[in-house]
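# Structural overview
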Amino acid sequence: MDEAYRKLVEKVNKYNPQCDWDLLSKAYKVSREAHDGQNRISGEPYIMHPLGVAHILAELELDCESLVAGLLHDVIEDTSYSYEEIKNMFGEQVALLVDGVTKLGKIPYTTKEEQQVENLRKMFLAMAKDIRVILIKLADRLHNMRTLKSVPEEKQREKARETLEVFAPLAHRLGIFKVKWELEDLSLRYLDPIAYYEIVESIAEKRQEREAYLKSIIDTISNRLKELKIQGQIDGRAKHFYSIYRKMYAQGKNIEEIYDLFAVRVIVNSVKDCYGVLGMVHELYKPIPGRFKDYIAMPKPNMYQSLHSTVIGPAGKPFEIQIRTWDMHRIAEYGIAAHWKYKEGKTGTSDLDSKLAWVRQLLEIQRDLTDAEEFMQTLKIDLFADEVFVFTPKGDVINLPAGSTPIDFAYTIHSAVGNRMMGAKVNGKIVPIEYVLKNGDIIEILTSATVHGPSKDWLKIAKTSQARNKINQWFKKENREENVSRGKELIEKELKKTGFTHNQLFKSEWIEIVLKKYSFQSLDDLYASVGYGGIAASKVVGRLREEYRKATKTEAVEPAHEEINTVFKSKKRRQNNNGIIVKGIENCLVRLSRCCNPVPGDEIVGYITRGRGVSVHRKDCSNVKVDDNERNRLIEVAWESAQNASYLSDVQILANDRGGLLVEVTNSVADSKIPLKAMNARTSKEKIVIINLTLEITDTEQLDKIIKKLRKINGVFGVNRSRQ
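Let me sum up the structure you'll find in this document. Because the structure is predicted, anything quoted here is derived from the model rather than measured. (Residues numbered from 1 in each chain as written. Predicted model: local features only at pLDDT ≥ 70, side-chain atom pairs only at ≥ 80, totals over all residues. Heavy atoms only, no water.)

## Considerations on the environment of Ile234
The test is simple: Strands are runs of DSSP state E lasting at least two residues, helices are runs of H or I lasting at least four, and both sets are numbered from the N terminus onward. Only protein chains enter the calculation, and the probe is 1.4 Å; a residue is then buried if its accessible area is under 20% of its type maximum, exposed if over 50%, and partly exposed in between.
Note that Ile234 resides in strand E1 (residues 232–238). When its relative accessible area of 18% is taken as the criterion, Ile234 is described as buried. Once the C-alpha coordinates of Ile234 and Ser222 are considered, the two residues, 12 residues apart in sequence, prove to be 7.4 Å apart.

Structure, rendered in structure tokens:
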């Protein structure tokens, strides 16, 4: 362990000899003592994890405070140390960094998704104050992914999926491609191990052939550089595994059918040399039309700069060439971390602050988002969407998510421009406001002399959360009194539906909990948000009902809806012939919905149909996402254990087309002793086989086992339960 710390010191000393060694040593000792007696799942001492995180931060050449926080990042969460103790021992900056990485583990949440979102909110809040928070979090996640082998399989997939959906795209947004690529490859290893090892083995098998191919290209380009007297470094590599996997999945091809697996990188001393090399390469090799991108003239929002071109190489094999300067290369590898000033007394630059404006925008937007699912959707659009580059009439480059409209462009320029917008011109021609912007478009916003404000319909058209947020802000300010009044009406309607009175639920202490939960300053702010659609009345009343139940310590009696009384007479729980209990109702017609095929073990909900009893759906079924007016039709249902009961479940398999596939699928089902009731198979134009099976199973455990077995079949890359 001390050897690992010594190597950390050596690594840091190479780039930052001015580091506060006493502080770093103190952090290591405190972390080692705090985690003494704790082991990771693998059995190794826990201190190896914070040391591993610190090593990754040192590879990114971060400052001394970041390394100290990396060593201490789990101390507040997993040991007896408090925030105040860390602050007193290591200073406020280190304490803030450690606290920013610490999860909100002790706060109860209604769903796991909600807990994940609240942890992300906290992380972004800390990140807006100090970008080093996310760099430490990425290092933490990378080390956890490197050591995920000892974790149970279900946890491996859960962590890998979260990494692929949140942390790898964050590394991309920050330009830290070195970390991003490793996170993606490690995630793929656990999410689709068969595909991962197939790619690894295929690339390893053809290593000599690939190296000979790349050497011929590198030698040719190197000789031409000498003739042109341009100094540069050339190297070649295979694309990382996840990039190959995505291409295989998108194109429905085997790895043998993908030719542009290689990238050649040329690093030179100046921008002028970059364009000189590009011209030379296009003379040597024929460029593929539409496959050239100039990220030097138009850098990505994560500061990435490079010239990209795909050309036809020797023997007709395409390859990608990337051309950049040494400064650009450093930013391409380390992104935002390359801009961090580790020298004493410097904590970044105004240039760095401007590059992080998107973090603050995200923070402003998320304050208005109270729904966990909506927050995650916004996060994915803002951080992870493809990009489109457009121009102002003066020639300034504006970067927007793909699919953006003139509305998004207008509000990106300024909220006043958006609020006065009457129309737009693209490339000199008037276009409708729902026009989808394309790369290279020149946008001119037509405005009125007076502020007339946006239309409600714009919320459906705008792509960026920044634009939607500014439109919502307009309606909040302009129609506050009307929104408060409407919000009160909607809350009262919801109370009548549930059968509770205002006096029963609107206790001051419960209201405070709800206001704090959804970040409102006053009750009127809550009413206003309900009035303009920011939060559903059912969500507010639902929260208050939870507090009511907690306070009374008994389950609140749910008043029966009139329609329920007319269809069902009895009020006792009883199992019906489908193995379903309907809360508070006996002898009613119950049917399992075919749109999602629920089986024992699934979380389920009932929907009261008109004249056809209760239809039972899985909770995640799209058909039970009802609006506020229909919410009173939902009713609690549960499985009651029934021996020898069986249920039909639909499973869909996606696979690459090959001989013998259907035989292996049917054999796998037969070996599992699961009755196969129906099978349908077809092949798409992309040579992807889509197989739909109807199986007779007893519970979700049996279904999960057969799904895992089917996923192991060679060529299969997706197996899921079918749903609408």
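So much for the structure itself; the text now carries on.
## Structural notes on the state of the cysteines
Note on terminology: disulfide describes a covalent bond linking the sulfur atoms of two cysteines. To be explicit about the condition: Any two cysteine sulfur atoms within 2.5 Å of one another count as a disulfide.
A full pass over the atoms with the stated rule returns 1 disulfide. Across a sulfur-sulfur distance of 2.0 Å, Cys19 and Cys64 are joined as a disulfide pair. Taking the torsion about the sulfur-sulfur bond, which here is approximately 50 degrees, the covalent link between Cys19 and Cys64 counts as right-handed. You can see Cys19 sitting in the loop between helix H1 (2–15) and helix H2 (21–34) and its partner Cys64 sitting in helix H4 (residues 64–72), a full 45 residues away along the chain. Relative accessible area serves as the criterion here: at 4%, Cys19 is assigned to the buried category.

## Some details on helix H20 (residues 406–413)
Residues lying three or four places apart along an α-helix face the same way, a consequence of the helix completing one turn every 3.6 residues. For H20, the tally of buried residues reaches 6 of 8 residues, placing the bulk of the element in the interior. Buried residues of H20: Pro406, Ile407, Asp408, Phe409, Ala410 and Tyr411, and no others.

## Let's talk about the side chain of Asp273
The criterion, for reference: The sign given to each residue is positive for Lys and Arg and negative for Asp and Glu; His and the chain ends receive no count. Whenever Lys or Arg places a side-chain nitrogen within 4 Å of a carboxyl oxygen from Asp or Glu, that contact is recorded as a salt bridge. Two residues form a contact once any of their heavy atoms are found within 4.5 Å.
One can find Asp273 in helix H15 (residues 271–284). Put simply, Asp273 is tucked away with no salt bridge, and the nearest opposite charge, on Lys272, sits 6.3 Å away. In contact with Asp273, other than residues within four places in its own chain, are Ile230 and Val268.

## Points about the sheet that holds strand E15 (residues 634–635)
Condition: DSSP calls a pair of strands paired once it identifies at least 2 bridges connecting them.
Pairing is mixed in the open sheet, where 4 strands are placed in the order E12-E14-E13-E15. The sheet terminates laterally at strand E12 (590–592) and E15, the two strands that pair on one side only. Of the strand pairs in this sheet, strand E13 (residues 604–608) and strand E14 (residues 614–618) are connected by 5 bridges, and their pairing is antiparallel. When the sheet's bridge partners are listed, Ile604 is paired in E14 with Arg618.

## Quick look at the packing of H1 against helix H3 (residues 48–59)
As a reminder, the rule being used: Interaxial angles span 0 to 180 degrees and are taken between N-to-C directions of axes, which are lines fitted to C-alpha atoms, for helices over the stretch in contact. Roughly parallel here means an angle under 35 degrees, roughly antiparallel means over 145, roughly perpendicular means 65 to 115, and every remaining angle is called oblique. What makes a crossing left-handed is the near helix being turned counterclockwise from the far one by less than a right angle; a clockwise turn instead makes it right-handed. In this classification, the charged set is Asp, Glu, Lys and Arg, the nonpolar set is Ala, Val, Leu, Ile, Met, Phe, Trp, Tyr, Cys and Pro, and all remaining amino acids, among them Gly, are polar.
With their axes 10 Å apart at the nearest point, H1 and H3 run at an angle of 15 degrees to one another. With respect to H3, the axis of H1 lies roughly parallel. Here the hand of the crossing between H1 and H3 comes out left-handed. Within the contact between the two elements, H1 uses Ala4, Tyr5, Lys7, Leu8, Lys11, Val12 and Tyr15 and H3 uses Met48, Leu51, Ala54, His55, Leu57, Ala58 and Glu59. In terms of residue class, the contact of H1 with H3 is made up of 10 nonpolar, 1 polar and 3 charged.

## A short note on unusual backbone geometry
Phi at Glu61 takes a positive value of approximately 60 degrees, unusual for a residue other than glycine. Phi at Lys673 takes a positive value of approximately 60 degrees, unusual for a residue other than glycine. Note that Lys673 resides in the loop between helix H30 (661–671) and strand E18 (676–683).

## Regarding helix H11 (residues 177–191)
Defined as follows: The length a helix should cover is 1.5 Å for every residue beyond the first.
With 15 residues, H11 extends 21 Å between its outermost C-alpha atoms, agreeing within 8% with the 21 Å of an ideal straight helix rising 1.5 Å per residue. Along H11, the residues classified as buried are Phe177, Val179, Lys180, Leu183, Glu184, Asp185, Leu186, Ser187, Leu188, Tyr190 and Leu191.

## Topic: the nonpolar core
To be explicit about the condition: Take the buried residues of types Ala, Val, Leu, Ile, Met, Phe, Trp, Tyr and Cys, join any two whose side-chain atoms come within 4.5 Å, and each joined set is a nonpolar core.
One finds Leu51, Val68, Leu72, Phe90, Val94, Leu138 and Leu183 to be the most contacted residues of the largest nonpolar core, which totals 61 residues. The element that contributes the greatest number of residues to this core is helix H9 (residues 132–146), accounting for 8 residues. Excluding anything up to four places from it in sequence, Leu183 contacts Leu138, Arg141, Leu142, Met145, Thr163, Phe167 and Ala168.

## Here we look at the packing of aromatic side chains
To keep things clear, this is the line we draw: For Phe, Tyr and Trp, where Trp contributes only its six-membered ring, two rings pair if their centres lie within 6.5 Å, and the inter-plane angle classes them as stacked under 30 degrees, edge-to-face over 60, or tilted in between.
By the definition in use, this model includes 8 aromatic pairs. Residues Tyr5 and Tyr28 carry aromatic rings whose centres are separated by 4.5 Å and whose planes lie at 5 degrees to one another, so their mutual orientation is stacked. On the criterion of sequence distance, the pair formed by Tyr5 in helix H1 and Tyr28 in helix H2 is long-range, its members being 23 residues apart. Across the pair, exposure class does not vary: Tyr5 and Tyr28 are buried alike. Taking the centre distance of 5.3 Å and the plane angle of 70 degrees together, the rings of Phe177 and Tyr304 count as edge-to-face.

## Digging into the pattern of salt bridges
Pairs can form between side chains of opposite charge whenever their charged atoms are close. In the structure shown here, the tally under the stated rule is 18 salt bridges. Note that Lys137 and Asp140 form a salt bridge whose closest N and O atoms lie 3.8 Å from each other. Of this pair, Lys137 and Asp140 are both found in helix H9, 3 residues apart, which corresponds to roughly one turn of the helix. Judged by its relative accessible area of 8%, Lys137 is buried. Overall, Asp140 belongs to the buried group, its relative accessible area being 7%.

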